[in-house]
Amino acid sequence: MMACAMDVLDPAGDTAIDAKVLARRPAALTGATIGILDNSKPNARILLERVAQGLRERFGAREVRTWRKPTSSSGAIPGVLDEIAATCTVALTASAD
């Protein structure tokens, strides 16, 4: 009888999570620019635009700017997150189907 070698893999593995500090929330949205990052999932843009419109109507946000990811499974194009951070007071992104 021939002996077989077997590798046993641990599915748990190791994880490393870098703690991130969230951006400070603005005290008010009056005059704010809202950034939308559409993740390209069905209905995501509709959901985000309705939320943004509600923020404009209820809290006086001024403008809504929209960016779109190429696909829902890819990250934003390089520089997009920096552009959103530089030009918007708050940002919205969501998953919708």
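In this text the structure is predicted, and so the values were computed from the model without any measurement.

Chemist: Which parts of the structure should I look at to understand the sheet that holds strand β2 (residues 63–68)?
Modeler: Backbone-to-backbone hydrogen bonds pair the strands of a sheet. The strands run either parallel or antiparallel. With parallel pairing, 3 strands are arranged side by side in an open sheet as β2-β1-β3. Every other strand in the sheet has two partners, leaving β2 and β3 (90–93) as the edge strands with one partner each. Direction aside, the axes of adjacent strands within the sheet are offset by 25 degrees on average. When strand β1 (residues 33–38) meets β3, the two strands line up parallel, connected through 4 bridges. Bridge assignment links I34 to a residue of β3, and that residue is V90.

Chemist: Sorry if this is basic, but what is going on with the confidence of the model for the protein here?
Modeler: The predicted coordinates should not be examined in detail at positions where pLDDT is low. The predicted model of the protein averages 88 in pLDDT, with 96% of residues at 70 or higher. Here β3 is the element of the protein with the lowest mean pLDDT, 93, and β1 is the one with the highest, 96.

Chemist: What exactly am I supposed to notice about the pattern of salt bridges here?
Modeler: What the rule picks out here adds up to 3 salt bridges. Here D38 ties to R68 by a salt bridge, and the two come within 2.7 Å at their closest N and O atoms. Here D38, found in strand β1, pairs with R68, found in strand β2; they are 30 residues apart in sequence, far enough to count as distant. Assessed through its relative accessible area of 1%, D38 is described here as buried.

Chemist: Quick question: what am I supposed to make of helix α1 (residues 44–59) here?
Modeler: An α-helical segment advances 3.6 residues per turn. Residues three or four places apart therefore align on the same side. The end-to-end C-alpha separation of α1 is 22 Å, in line with the 22 Å expected for 16 residues at 1.5 Å each. Turning to α1, its buried residues are A44, L48, A52 and L55. The arc enclosing the buried residues of α1, seen along the axis, measures out at 55 degrees, which places them on a common side. Facing away from the buried side of α1 by over 90 degrees, the exposed positions are R50, E57 and R58. If you follow the buried residues of α1, they end up packed against β1, β2 and β3. Positive phi shows up at G60, right after α1, with a value of about 80 degrees.

Conventions we followed
Residues numbered from 1 in each chain as written. Predicted model: local features only at pLDDT ≥ 70, side-chain atom pairs only at ≥ 80, totals over all residues. Heavy atoms only, no water. Pairing = 2+ DSSP bridges. Helix = DSSP H or I, 4+ residues; strand = E, 2+ residues; numbered from the N terminus. Axes fitted to C-alpha atoms, helices over the stretch in contact; angles between N-to-C directions. pLDDT = per-residue confidence, 0-100. Salt bridge = Lys/Arg side-chain N within 4 Å of Asp/Glu carboxyl O. Buried < 20%, exposed > 50% of the residue type's maximum accessible area, 1.4 Å probe, protein only. Expected span 1.5 Å × (residues − 1). Arc of directions from axis to C-beta. Contact = heavy atoms within 4.5 Å.

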